[in-house]
Amino acid sequence: MVRIDAKGKNFQQLNEEIRVAENSDITVEHCMGQRYIGAGMSGKHLLLLGVPGNALGCYLDGGSIRVLGNAQDQTGDTMNSGAIIVEGSSGDATGYSMRGGKIFVRDNAGYRVGIHMKAYREQQPLIIVGGETGSFLGEYQAGGTIIVLGLNSEGRTPVGNLSCTGMHGGRMILRCRRLPKDLPPQVSAASASKEDMARISGFLNDFCGAFGISIQSVLSEPFFVITPNTKNPYRALYTEN
Amino acid sequence: MGIHDIIPEYEVLRDPQRCTVCRLCERECANGVHSFNPKTGKMQSDNTKCVDCRRCVVFCPAHALKIVRNEESYRTNAQWDRQTVNEIFKQAETGGMLLSSMGNPKPYPIYWDKMLLNASQVTNPSIDPLREPMETRTFLGKKPHELRRDEKGRLRTDNLPPQLDLDVPILFSAMSYGAISYNAHKSLARAATALGTYYNTGEGGLHEDFYKYGPHTIVQVASGRFGVYKRYLEAGAAIEIKIGQGAKPGIGGHLPGSKIVGDISRTRMIPEGCDAISPAPHHDIYSIEDLRQLVYSLKEATDYKKPIIVKIAAVHNVAAIASGIARSGADIIAVDGFRGGTGAAPTRIRDNVGIPIELAIAAVDDRLRQEKIRDRVSLIAGGSIRNSADVVKAIALGADAVYIGTAALIALGCHLCRACQTGRCNWGIATQRPDLVKRLDPDVGTKSLINLVSAWKHEIMEMMGGMGINSIEALRGNRLMLRGIGLNDRELKVLGIKHAGE
């Protein structure tokens with residue numbers, strides 16, 4: 001394990017040090033807003049102390065990043081595989097266009113979480129947010145799984161306005177007593193069946209294991225599953241000219 | 001059919017004396033225009049399906065076919081012409097947005113044709129490119145602000161920002177695998193390699209077979225991020241962030257699920273049959289500061305080894321926008337004029353949004369010079385470059401190089417029937433149907449593209465030589481080499497050129 005002190009370093013200097021480090025286990029201390037940490041990284045494991053900046057783990061292609069603190073916007077942008085675990089909250093567009101791997105956020109996440117998330121074959125991305133998210137959750141979602149648990153919401157719907165707009169693939173799972181009132185017509189929502197719960201129980205166990213949360217407390221509230229009705233939401237929009 | 005009487009645009013004329021009923025036309029037409037009538041024993045045509053791509057005409061062994069514009073019309077007048085009425089009927093029938101392809105066909109001014117080039121007479125010698133060196137090589141990327149020398153006084157060339165090295169100032173513009181076929185991409189990739197220039201993947205990912213052409217490939221990152229991952233970013237010689245496209249500024253893209261099959265699905269990394277939706281904006285870019293973030297995230301992911309291109313459509317405030325992009329850390333700005341082509345765009349957007357590239361490139365070059373940041377970026381002009389004279393004029397107006405799309409497709413056999421959006425391209429270019437794709441022979445396609453660009457290169461050297469200029473660098477932004485013809489004062493001012501005779 002190697003330690004890198006981020007204090008007073010700009011992002012270029014810090015990221016270069018991370019890139020050239022020969023040890024694959026790296027602890028970065030005193031992160032203070034440096035962007036692009038772990039950009040395109042594979043095969044390394046970062047432990048970040050402090051607050052990393054925007055675009056943490058963008059294009060991440062394997063390996064893992066664990067943040068002891070909050071992450072900012074575009075965490076895991078266009079991530080292909082690997083894991084990002086945030087022991088705190090993350091900002092807007094967390095998991096933008098991610099295609100593989102997983103992002104676990106212990107507390108809350110911002111607007112447009114999982115926007116344009118997609119899946120391909122064995123690459124099935126997963127985002128789990130322990131707390132609540134802002135509006136536009138899963139906008140244009142085309143694949144993968146987004147789970148929002150609302151662990152401290154006491155039954156309140158843990159998402160903002162206009163979730164699932166343009167959703168045409170994948171699934172969203174919300175732990176709450178009432179569905180959002182403004183779901184668009186191109187999605188269907190239903191209470192999670194036993195099969196649904198069996199399918200996500202491995203994910204929930206991973207999440208609980210990552211943060212030391214008891215699985216029983218998570219399963220104490222009802223879950224809903226939201227899926228799109230069509231993979232071609234805009235088919236009837238055009239006429240050939 | 002009912003009240004909405006859509007008159008066919010073209011009429012297929014068949015000479016019964018010549019037709020041998022070999023039925024080749026029937027097999028060649030993917031639109032289903034031709035069929036055999038067993039009752040009459042003759043061939044018949046359905047004019048409503050004809051797009052005038054001329055495939056049947058070219059392949060008819062008996063020369064029995066001719067396609068003409070259908071003269072039949074509604075009772076039209078200057079205000080309500082046939083197309084206008086046709087379009088209303090179509091929309092009244094379907095309720096859909098009109099979808100078209102290729103570039104803006106409307107009769108807006110073509111400024112290329114209103115600018116004339118200079119030549120040397122008496123007071124300075126012209127140069128003969130056949131026997132004197134003539135430099136068409138161009139480097140695209142950030143240029144250093146100052147010369148640096150080492151302790152022995154030698155020029156230091158280490159730590160230069162990454163550059164694209166072009167033997168000729170012409171690149172093939174972004175056309176995705178999906179919008180065009182495997183064989184079309186293969187032709188572009190191989191021709192770019194042979195010509196010492198670059199082709200562009202568009203937002204469709206990079207087919208596994210084409211990674212080997214990576215040193216001559218520009219990989220694109222657009223709002224849908226299709227096919228974007230580490231290996232893809234590293235495969236290309238440069239990365240282009242697509243903000244906009246001349247044919248459809250301000251709106252996103254949408255490849256219907258019906259076209260996401262087989263290799264297209266694999267290359268875009270999305271499941272078969274799933275719509276590929278590129279949202280109108282990048283959802284992480286709401287400002288120049290945000291653009292800077294995407295630029296640097298790509299630089300970080302590729303270790304600062306690749307120049308980053310930002311492509312925008314030419315719109316009203318293009319100069320101010322380009323100034324912002326030049327300050328975002330981008331290495332190259334590509335500006336796409338309103339006549340640039342597309343595989344599919346809403347008709348109204350294609351025909352009414354954006355501005356001509358001639359005016360845009362002049363305005364951008366001016367602005368960057370005024371702000372003393374012209375050296376921070378290179379400029380690529382695209383969107384309606386039709387021939388080598390357009391290339392020379394674009395460079396004289398301030399571009400470093402040009403993108404060609406439609407011209408390259410015509411070299412591959414496109415007959416401009418402007419029906420790419422149907423996916424039934426009879427020439428094997430804008431289609432994914434295997435039986436149609438194989439009609440484009442990539443060996444012939446590659447050769448045709450090499451021929452076209454080589455011919456243009458010779459013509460560019462002739463024109464430069466005539467002006468007494470022996471390198472592209474000396475032509476760039478050299479507006480004294482241009483004169484306007486029939487332009488008003490305001491147009492001359494925006495173009496930054498004098499009128500002929502001045």
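Not measured: the values here are computed from a predicted model.

**Side note on the interface of chain A and chain B**
Right, so step 1: The interface of chain A with chain B comprises 41 residues on the first partner and 37 residues on the second.
Right, so step 2: Those elements that place two or more of their residues in the side of chain A that touches chain B are helix 1 (11-20) and strand 12 (238-240) of chain A.

**Thoughts on the sheet that holds strand 17 (residues 345-346) of chain B**
What links the strands of a sheet is backbone hydrogen bonding, and the strands pair in either a parallel or an antiparallel sense.
Right, so step 1: Across the sheet, three strands lie side by side as 12(A)-5(B)-17(B); this open sheet has mixed pairing. What marks the edges here is a single partner per strand, and that holds for strand 12 of chain A together with strand 17 of chain B.
Right, so step 2: Two strands pair when backbone bridges link them, and strand 12 of chain A and strand 5 (residues 97-100) of chain B are joined in this way by three bridges, in the parallel orientation. Residue pairing in the sheet places Y238(A) in a bridge with M97(B) of strand 5 of chain B.

**Remarks on unusual backbone geometry**
Residues and elements named next belong to chain A.
Right, so step 1: Not every positive phi belongs to a glycine, and A55 is a case in point at roughly 55°.
Right, so step 2: In this structure, Y140 takes a positive phi of about 55° despite not being glycine.
Right, so step 3: Along the polypeptide, Y140 turns up in the loop between strand 7 (126-129) and strand 8 (142-148).
Right, so step 4: On the neighbour-count criterion, Y140 (27 C-beta atoms within 10 Å) is buried.

**Overview of helix 8 (residues 318-326) of chain B**
Residue and element names in this part refer to chain B.
Right, so step 1: The buried fraction of helix 8 amounts to seven of the nine residues, a majority that puts the element mostly inside the structure.
Right, so step 2: Among all positions of helix 8, only V318, A319, I321, A322, S323, I325 and A326 are buried.
Right, so step 3: Check the buried side of helix 8 and you find it contacts helix 7 (288-301), strand 15 (308-313), strand 16 (332-336) and helix 10 (357-370).

**Comments concerning the domain arrangement of chain B**
Residues and elements named next belong to chain B.
Right, so step 1: Taken domain by domain, chain B consists of domain 1 (10-96) and domain 2 (168-473).
Right, so step 2: Relative placement of domain 1 and domain 2: their C-alpha centres are 33 Å apart.
Right, so step 3: Contacts between domain 1 and domain 2 engage nine residues on the former and eight residues on the latter.
Right, so step 4: Here the residues of the side of domain 1 that touches domain 2 sort into four nonpolar, one polar and four charged.

**Quick look at the pairing of strand 16 of chain B**
All names here are of chain B.
Right, so step 1: Across the five residues that make up strand 16, a large majority, five, are buried.
Right, so step 2: Taking every second residue as pointing to the same face, both faces of strand 16 are buried, with I332, A334 and D336 on one and I333 and V335 on the other.
Right, so step 3: Pairing of strand 15 with strand 16, which is carried by five bridges, proceeds in the parallel orientation. Counted as the bridge partner of V310 is I333 from strand 16.
Right, so step 4: Note on the crossover from strand 15 through helix 8 to strand 16: the handedness is right-handed.
Right, so step 5: Two elements, strand 16 and strand 18 (residues 378-382), share five bridges in a ladder whose sense is parallel.

**Digging into the sheet that holds strand 6 (residues 115-117) of chain B**
All names here are of chain B.
Right, so step 1: Strand order in the open sheet made by the three strands is 6-20-21, with mixed pairing throughout. Strand pairing shows two members of the sheet lacking a second neighbour, strand 6 and strand 21 (498-499), which therefore form its edges.
Right, so step 2: As paired strands, strand 6 and strand 20 (residues 482-484) are joined by three bridges and run antiparallel to one another. Bridging across to strand 20, L117 finds its partner in L482.

**Some points on the packing of helix 8 of chain B against helix 10 of chain B**
Residue and element names in this part refer to chain B.
Right, so step 1: Interhelical geometry of helix 8 versus helix 10 gives an angle of 50° and a closest axis separation of 8 Å. When the interaxial angle is binned, helix 8 and helix 10 end up oblique. In the crossing of helix 8 with helix 10, the sense of the turn from one axis to the other is right-handed. From helix 8, V318, A319, A322, S323 and A326 reach across to helix 10, where they touch A360, A363, V364, D366, R367 and L368.
Right, so step 2: Across the contact of helix 8 with helix 10, the residue classes tally to eight nonpolar, one polar and two charged.

**Notes on the nonpolar core**
Proteins that are soluble and globular tend to have nonpolar side chains buried together.
Residues and elements named next belong to chain B.
Right, so step 1: With 215 residues, the main nonpolar core has I333, V335, I361 and V402 as its most contacted residues.
Right, so step 2: Among the domains, domain 1 (10-96) and domain 2 (168-473) are the pair contributing at least three residues each to this core.
Right, so step 3: The contact partners of I361, leaving out residues within four places of it in the chain, are V335, L379, A381, A394, L397, G398 and A399.

**Topic: the environment of C53(B)**
Residue and element names in this part refer to chain B.
Right, so step 1: Its place among the elements puts C53 in the loop between strand 3 (42-45) and helix 2 (55-59).
Right, so step 2: Considered as a pair, C53 and F139 are 86 residues apart in the sequence and their alpha carbons are 38 Å apart.
Right, so step 3: Among all residues touching C53, those that are not within four sequence positions of it are H415, C417, N426 and W427.

About the criteria used
- Residues numbered from 1 in each chain as written.
- Chains lettered and ligands numbered in written order.
- Predicted model: local features only at pLDDT ≥ 70, side-chain atom pairs only at ≥ 80, totals over all residues.
- Contact = placed C-beta atoms within 7 Å.
- Helix = DSSP H or I, 4+ residues; strand = E, 2+ residues; numbered from the N terminus.
- Pairing = 2+ DSSP bridges.
- Buried ≥ 20, exposed ≤ 12 C-beta atoms within 10 Å, placed from the backbone.
- Domains from an automatic or database assignment.
- Nonpolar A, V, L, I, M, F, W, Y, C, P; charged D, E, K, R; others polar.
- Right-handed = clockwise from strand over helix to strand, strands pointing away.
- Axes fitted to C-alpha atoms, helices over the stretch in contact; angles between N-to-C directions.
- Parallel < 35°, antiparallel > 145°, perpendicular 65-115°, else oblique.
- Left-handed = near helix turned anticlockwise from the far one by under 90°.
- Core = buried A, V, L, I, M, F, W, Y, C linked by C-beta atoms within 7 Å.

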